[in-house]
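# Examining the three-dimensional arrangement
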Amino acid sequence: MKSFVVGRVGELAEGERRVISCDGTEVGVFNVDGELVAWYNQCAHRGGPVCQGRIYHRVREPVDENGETRTLQYDLKRKNIVCPWHGWEFDLRTGHHPGGERFALRRARLEIADGHVYVVV
Ligand code: FES
């Protein structure tokens, strides 16, 4: 296993990301509401560069008491990343596709040492 520096602790501001190369293996590191998460930059669909996708709040379609839907709403507690190749979405915190855990991003290991954040691959 090898460690690759991401930056100083606290350097990655909330909502920011950094995609780094770890001897050719790309990993995306994200600050999601103050929590760091890291994913291998390979989409669970066909291996696209998912970590470089756009980030949105998850979109929900609430169903009323009559079983009807009227509008779409953002879920302000959840953020999804959208793969730029075919648009599959994944929860940025869990890595799961909204359709289930069967399709998920692969988590990368993070370590903190000497005031720096490292990816370990
Ligand atoms: S490779 Fe990511 S959506 Fe197809």
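Look up: the structure comes first, before these words.
Residues numbered from 1 in each chain as written. Predicted model: local features only at pLDDT ≥ 70, side-chain atom pairs only at ≥ 80, totals over all residues. Heavy atoms only, no water.

In sheet architecture, strand pairing relies on hydrogen bonds along the backbone and comes in two forms, parallel and antiparallel. One open sheet holds the 3 strands; their spatial order is β5-β6-β7, and the pairing between them is antiparallel. The strands lining the two open edges of the sheet, one partner per strand, are β5 (54-60) and β7 (89-91). Taking each pair of neighbouring strands and ignoring which way they run, the sheet shows an average axis angle of 55 degrees. (Pairing = 2+ DSSP bridges. Helix = DSSP H or I, 4+ residues; strand = E, 2+ residues; numbered from the N terminus. Axes fitted to C-alpha atoms, helices over the stretch in contact; angles between N-to-C directions.)

This next bit is on the pattern of salt bridges. By the definition in use, this model includes 10 salt bridges. For aspartate 33, the salt bridge is made with lysine 79, and the minimal N-O distance between the two is 3.1 Å. Of this pair, aspartate 33 sits in the loop between β3 (25-32) and β4 (35-40) while lysine 79 sits in strand β6 (residues 73-82), and the two are 46 residues apart along the sequence. The class of aspartate 33 is partly exposed, set by a relative accessible area of 40%. By sharing partners, the salt bridges in this structure join Asp33, Glu35, Lys79 and Arg93 into a single network. (Salt bridge = Lys/Arg side-chain N within 4 Å of Asp/Glu carboxyl O. Buried < 20%, exposed > 50% of the residue type's maximum accessible area, 1.4 Å probe, protein only.)

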